[in-house]
Every structure is written in C-alpha cells, then in structure tokens.
Amino acid sequence: MRHLVVVLILLAGCNPSPSPMPAAPVAKVEAVAKGDPVEGLRVSTRLGCNGCHEKNGGGGIFMENPQVGRVVAPNLTERRRLYDDAAFAALLHEGKTHDGHPPLGMPIHMFQYLSHGEVRDVTAWLRSLPDVATALPKTAYAPAIARAIADGTLPYLDDVKPDPGNVPPATRPVEPLALGKYLAMTTCTECHGRDLNGWSREDDAPSLVVAKAYTAEKFARLMKTGEIATGGKSKTGMMSEVAAYRFSTLTDAEVSALKLYLDSR
C-alpha cells in the first residue's frame, strides 16, 4: 500500500495542474487477517474444543473422582471476554491464562504447533458462538492434586507448557508429508504421546506405528467412523468415539496426508 501511495504521488508530480490542490493526508491502514468461523468449527472439533467445552461452548464437568477431584471445562462464551485475539493466541500457543493459573486439561503442548491461521479460525468460531448462560460449579481438586499444583510437582504441568523456543507456523503446510506431520502433532499427541509412541500396551493409546498395519482404506474408515482394522470398536472404545466425533471432520486429503506421515516414521 505504501508503495502504491508513493507511485501515485510521483505520477501527480509529473503532471502538475495550473491550480494544484493540497494533497489530502493519507491514513495508514494495517491489514488484519480475519479467521473463518466455519473452518474454525471444523478445526475446533478436530482439536476437541467443542468436546470438552460442549458443542455450544457452554462448558461442563470434565472429570469428577476422588483421586483428582472435580475438573470443570469453563463456559467459553463467558471466558472469551477475558481475552482479546492476541491473548487467546497466547493461551493456545503458550498456556498463558488471563490470571496466570495453569490451564490444566488443555493440551497446550499439542496446541503450541497450531498455525496462526488455524488459531485465527478457532478464534473466529469462538467469537461467533451465541452467549450461553450456565451455572457451573467451580473446579475443586483433591487435596493431594491441589498441593502438587501449588508446589509445581504435578507431572501434568508440563502438558500446559510449550517447548522453549517453539515458533508456530504462519500457515499450515501444504506439501502432503509436511501436512501429515502437522496434523499428527496437532491432533494425535494429546493421547499418543509427544513422540507418538503411545503409552503401555494395555492402554488404548498405543504407539502410532500401528497405523502401518492399516491399509489406506481401513485407515480412512478408522478416521471417519472409528472402526478399527479388524472391525468393531477399539479396546476401550475411546479411539472409536474420538475418531467418530473429532477426526471425521478431516478431509480425504488430510487423512491421506496423515497416513503418509505415520507410515514414514
């Protein structure tokens, strides 16, 4: 824009008129990229935002048991007022909350890899939600968990922190192998570990080397419906449930890219 203004001024100087008029001041306009709320809904579903916080963003009790206590996913239509767009990006990329509390339950270590473009889309979706009035209880951790949070010894505190020096990409990759890695790191690490090597054999989050045992067709079926390679649901049902709700939003090209990357590991 600045170059265009300069060119126009120079052209005007080359063709002076008999009665020159003083040039009007030119206001500097900064182009601000806006997100797409429709794409933001699709991304938010893949990430699980509207799973933990409910489809309407109104929040709810995420977990309640004697060992952990009560964990409440807050009402996003209320909390969004505490964050401008830059602050919301800092929450997702860095785990920076409005008051400094650790955002336990939010997989910041996964969200840190989100592109700025997808964060803008999620933000646009969040801003588009109608206000929801809910009377939610407060999060109340069990005493041992509360002490571990206070003294910084809770192991899961690392999950709400980014890697030092991480720089999120401006936009997500286009090349299939790079896109597959991006999708894996922003979709699968929450359950299958930061290295995608899973946990124990008994857990329903195995190493994703298991993807190599799937044909392209069966992998696509898993992503779209939750049906595993041998048919039926996963061992505990978690993967089947998550895939059917969250991963079914992936496009065919995204599923192919994800399979390509997982097969390359």
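What this report covers is the structure whose coordinates are included nearby.

**Considerations on empty space enclosed by the protein**
So, point 1. Evaluation of the coordinates by the stated rule reveals two cavities of 30 Å³ or more.
So, point 2. Put simply, the largest cavity is a space of about 120 Å³.
So, point 3. Counting residues per element, the ones that place at least two in the lining of the largest cavity are α10 (189-192) and α12 (238-245).
So, point 4. Looking at the lining of the largest cavity residue by residue, the classes come out as seven nonpolar, two polar and three charged.
So, point 5. In this model, the second largest cavity occupies a volume close to 30 Å³.

**Notes on unusual backbone geometry**
So, point 1. The phi angle at Glu 54 is positive, at roughly 75°, despite the residue not being glycine.
So, point 2. Tracing the chain through its elements places Glu 54 in the loop between α3 (49-52) and β1 (60-65).

**Observations regarding the packing of helix α11 (residues 216-225) against α12**
So, point 1. Following both chains from N to C, one finds α11 and α12 inclined at 80°, their axes separated by 5 Å at the closest point. As far as their axial angle goes, α12 and α11 are roughly perpendicular. The residues of α12 that touch α11, namely those facing Leu 222, Met 223, Lys 224 and Thr 225, are Met 239, Ser 240, Ala 243 and Ala 244.
So, point 2. The residue inventory of the contact of α11 with α12, partitioned by class, reads five nonpolar, two polar and one charged.

**Things to note about the pairing of strand β2 (residues 69-73)**
So, point 1. A large share of β2 lies buried, amounting to four of its five residues.
So, point 2. Bridge count between β2 and strand β3 (residues 140-141): two bridges; the pairing is antiparallel. Considered in β3, the bridge of Arg 70 is made with Ala 140.

Reading the values: rules and limits
- Here the residue numbers are simple positions, counted from 1 along each chain's written sequence.
- Reporting in this predicted model follows two pLDDT cut-offs: at least 70 for local features of residues, and 80 or more for side-chain atom pairs to be given and counted; totals over whole chains, interfaces and linings ignore these cut-offs and use all residues.
- The side-chain numbers reported here are obtained from all heavy atoms of the structure, hydrogens and water having been left aside.
- Using only the protein atoms, space was sampled on a 1 Å grid; points where a 1.4 Å probe fits but cannot get out form cavities, open sets with protein on both sides within 12 Å along at least five of seven lines form pockets, and lining residues are those with an atom within 4 Å of a point.
- Grid points are joined across faces, edges and corners, and a volume is the space filled by probe spheres set on the points.
- What counts as a helix is a DSSP run of H or I of at least four residues, what counts as a strand is a run of E of at least two, and both are numbered from the N terminus.
- Each residue gets one of three labels, nonpolar for Ala, Val, Leu, Ile, Met, Phe, Trp, Tyr, Cys and Pro, charged for Asp, Glu, Lys and Arg, and polar for the others, Gly among them.
- Axes here mean lines fitted to C-alpha atoms, for a helix over just the part in contact, with angles spanning 0 to 180 degrees between N-to-C directions.
- To sort the angles, those under 35 degrees are grouped as roughly parallel, those over 145 as roughly antiparallel, those from 65 to 115 as roughly perpendicular, and the leftovers as oblique.
- Pairs of residues are marked as contacts when any of their non-hydrogen atoms sit within 4.5 Å.
- Throughout this description, buried means an accessible area under 20% of the type-specific maximum (1.4 Å probe, protein chains only), exposed means over 50%, and partly exposed covers the range between.
- Two strands pair if DSSP finds at least two bridges between them.

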